[in-house]
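Inside the fold
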Amino acid sequence: MAELAAVCQLWLLSPPFWTLDTLSAMNNVSDVQKAGAEYSSQPAMKLLEYQAKEVLASLAIPIPPGRVARTPEEAAQACAELGPVAVKAQVPVGGRGKAGGIKLAQSPSDAAAAARQIIGMDIRGHRVPLVYCEAALDIARELYLGFTVDRDARANILMLSAMGGMDIEQVADESPDSIARLYPNPWRGPLDFELNQLVYEAGLGEHVRALVPLIKKLYRAIPEHDAVTAEINPLVVTGEGRLVAGDAKLETDENASPRQRALEERYGGVVEGDPYEVEAKKRNLTYVSLDGEVGIIGNGAGLCMGTLDMVQRAGGRAANFCDIGGGARAEVVENALTVILMNPKVRGVLINVFGGITRGDEVARGLVQARDNLRMTLPLVVRLSGTNEEEGRAILKENGIEPGASGWEAAQKIVEMTR
Amino acid sequence: MATLLTAETPVIVQGITGREGSFHAEQMQLMGTRLVGGVSPGKGGTTFLAAPVFNSAKEAVCQTGATASGIFVPPAFAADAIMEAAAAGITLIVCITEGIPIQDMIKVKDFLKAYPEAKLVGPNCPGVLTPGAGKIGIIPQRFSSPGPVGIVSRSGTLTYETMAALTAAGLGQSTIVGIGGDPVLGLSFSDVIGLFEQDPATTHLAVIGEIGGSDEERAAELLGRGSRLKTVAFISGRTAPEGKRMGHAGAIVSGNRGTAKSKEEAFRSAGVAVAETTAEIVELLTKS
């Protein structure tokens, strides 16, 4: 009993249990990436290269000297200070090298010209807001170092390869054995002998003295920043034999943002991108922009994705993914509609709400109110089910909103109306 | 399904006095779930819904003999609550909480290796429901009816939709298991399919997956090795865009698996019918 009493005392000292409000406020930020942009249901903050490198530097990992430039003049200035530079587009997607987003500049005028070309260009749907000018490296060898969450193993995986660079995915595909892997114990992190073994397995024994401490430093991004993916590719071995991070990718877990304010505050607002996604983020919505003309709102990520699939099957194309979560509260619906209607490509909106305990009549009244507040004139089809769904549908009909009996019927209707 | 939850299973709710926990504990009780107690640190000694409230899971298990728990605590404390339940001897842990940091769940999965008898469902899941017996979680029972179809799903609302469509078509369900949408989960599709295989009350199975990870592919492999269940699979996210990926680490780990196409192909090559809509799940299950 003494043991029990001690446990109780500890519990009393712990913070009070949260209310539903805090719980649902947190739920709003989750699920962001469930639309599957990168097949991850965990919402992640993706840092730009220069931001990731600042974090690496704070972990004592060597990075080349570099400067952020928002104008050609700033790029020229950076080159004047650093000598020959690589001018690199800063976007939160991969493949920028192949898209022409990286140029080498020997002189300040070269750097200005490169920046003029790169700033504002579109790389896989992202307008480039700024470039990072980085001192050119004397590259003797390119390695690969990274960690991520292996969903199947339900664990973090550390990976090291002697064959770094642009074609690492091909390497993984064709000679998987050339990538050494380690699943560190999540409570204590990787031990020295494990890292030693990893380095030798990767065939990099000659660099073991430098690599083991460097991998340990990178791993600190997990406990210190709740990183879910970090990647140094290439990890450059210079002509002098030093290890330097040639590129850097870092994603942190937004579910951990309540305990990880530092990076969020420093970089959270800086990530520039799709204007609707930026606006949705401000409104705490789970939203991903797509290319089509049918705006989509659904409750639950699976249902929402299923709705996108049905719209496509009916011959239309979705303009977005937007999951409003459980409850379908009127103000959340209004927020979601506001963001969707900002997009001039949208020709109609489909709302698919499957309420478990949610009352259909309340949802319907909220929808009517949201539409009226926003003076929405585009076609709107609503599929509503749950408690009091009949009353809900009657309210919609009275107010000129087309109800759909099933998700599939609703998808066909909205596609017809937006053709 | 007797292996997870029956009408006799003694259940506690962790976070029973919170707004989510109290609401759903009552719903669970209304459905006939044997709610024997709750945990709410600092509220021990009180009662809620005529069930005793304890300060810790260990105390609740000692006093009530509970073997199952539903966790409704906020994300910052949920990982600890899961480990607390396992350490207290709970063998069915259903964690409803959404938004648990992924590194917390990775630690939980490591911790649970010491408790091989503890089955974790979720987190970020709707829970487990056995029509006519009880439920742990938030699945709305009014869409369910007893029958032979097992459902295992990663999505909440699609599960409800499928249950409702099956019930409307006169096809009842044996047990519904929402395994959750997070990348790091407790029971996998394969684990739950294994349980359904052993359950004589289940003859049909609906597998509702979505893009990401390769749990679906593994389940397809398992079903392809031979199954007595008539199974239909559905994958949501077929039209989700590719190409917003940043680094290579994810691709190195998962290769080409994870897409809707890869999952559907895996099921088809295992001889499992693939539905394109939830309505089609019912059609394919009833087709002889």
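Residues numbered from 1 in each chain as written. Chains lettered and ligands numbered in written order. Predicted model: local features only at pLDDT ≥ 70, side-chain atom pairs only at ≥ 80, totals over all residues.

A word on the sheet that holds strand β14 (residues 273-275) of chain B
Residues and elements named next belong to chain B. Spatially, β9-β8-β11-β10-β12-β13-β14 is the arrangement adopted by the seven strands of the open sheet, whose pairing is mixed. With partners counted over all chains shown, the strands left at the sheet margins are β9 (134-137) and β14, one partner each. Each strand axis lies, on average, 20° off the axis of its neighbour in the sheet, ignoring direction. With five bridges joining them, strand β10 (residues 146-153) and strand β11 (residues 173-178) adopt parallel strand pairing. Bridge pairing in β11 places Val 152 opposite Val 177. Along the sheet, helix α9 (residues 260-269) contacts β12 (204-210), β13 (230-236) and β14; its crossing angle with β13, the most-contacted strand, is approximately 170°. (Pairing = 2+ DSSP bridges. Helix = DSSP H or I, 4+ residues; strand = E, 2+ residues; numbered from the N terminus. Axes fitted to C-alpha atoms, helices over the stretch in contact; angles between N-to-C directions. Contact = placed C-beta atoms within 7 Å.)

Focus on the nonpolar core
Counting 219 residues, the largest nonpolar core has A:Ala75, A:Ala111 and B:Ile82 as the members making the most contacts within it. Each residue touching A:Ala75, except ones within four places of it in the same chain, is listed here: A:Ala69, A:Val87, A:Ala111, A:Ala112, A:Ala114, A:Ala115, A:Val131 and A:Cys133. (Core = buried A, V, L, I, M, F, W, Y, C linked by C-beta atoms within 7 Å. Buried ≥ 20, exposed ≤ 12 C-beta atoms within 10 Å, placed from the backbone.)

Let's talk about the sheet that holds strand β4 (residues 51-54) of chain B
All names here are of chain B. One open sheet accounts for seven strands, arranged β3-β4-β2-β1-β5-β6-β7; its pairing is mixed. Every other strand in the sheet has two partners, leaving β3 (47-48) and β7 (119-121) as the edge strands with one partner each. Relative to strand β2 (residues 35-39), strand β1 (residues 11-14) runs parallel, the two being bridged by four bridges. Looking at the pairing, Val 13 lines up with Gly 38 of β2. Each of β1, β2, β4 and β5 (68-71) is contacted by helix α2 (residues 57-64), which is oriented at about 155° to β2, the strand it contacts most.

Re helix α7 (residues 192-201) of chain A
Residue and element names in this part refer to chain A. Turning to α7, its buried residues number three or more, namely Leu 195, Leu 198 and Val 199. Each buried residue of α7 lies within a common arc of 95° when the element is viewed along its axis, so the set occupies one face. Along α7, the residues that are exposed and aim more than 90 degrees away from the buried face are Phe 193 and Tyr 200. Against the buried residues of α7 lie β9 (155-161), β10 (179-182) and α8 (208-219). With its phi angle positive at about 75°, Gly 203 sits one or two positions after the end of α7. (Arc of directions from axis to C-beta.)

As for the domain arrangement of chain A
Under the domain assignment, chain A is made up of domain 1 (65-135), domain 2 (138-267) and domain 3 (275-413). In this structure, domain 1 of chain A and domain 3 of chain A have C-alpha centres spaced 40 Å apart. (Domains from an automatic or database assignment.)

Section: the packing of α7(A) against α8(A)
Residue and element names in this part refer to chain A. Their axes nearest at 9 Å, the elements α7 and α8 cross at an angle of 125°. Considering their axes alone, α7 and α8 lie oblique with respect to each other. The handedness of the crossing between α7 and α8 is right-handed. Along the contact surface, α7 presents Asp 192, Leu 195, Asn 196 and Val 199, while α8 presents Val 208, Leu 211, Val 212, Ile 215 and Lys 216. Grouping the constituent residues of the contact of α7 with α8 by class yields six nonpolar, one polar and two charged. (Parallel < 35°, antiparallel > 145°, perpendicular 65-115°, else oblique. Left-handed = near helix turned anticlockwise from the far one by under 90°. Nonpolar A, V, L, I, M, F, W, Y, C, P; charged D, E, K, R; others polar.)

Side note on the domain arrangement of chain B
In many analyses, interface size is given as the accessible surface area lost on bringing the parts together. Residue and element names in this part refer to chain B. The domain architecture assigned to chain B consists of domain 1 (11-121) and domain 2 (127-286). Computed from C-alpha atoms alone, the centre-to-centre distance between domain 1 and domain 2 is 25 Å. If you look at the interface, domain 1 gives 18 residues, while domain 2 gives 16 residues. When residues of the side of domain 1 that touches domain 2 are traced back to their parent elements, those giving at least two are α1 (19-30), β5, α4 (102-112) and β7. Per-element accounting of the side of domain 1 that touches domain 2 gives the leading share, four residues, to α4. Among the residues forming the side of domain 1 that touches domain 2, the class breakdown is 11 nonpolar, four polar and three charged.

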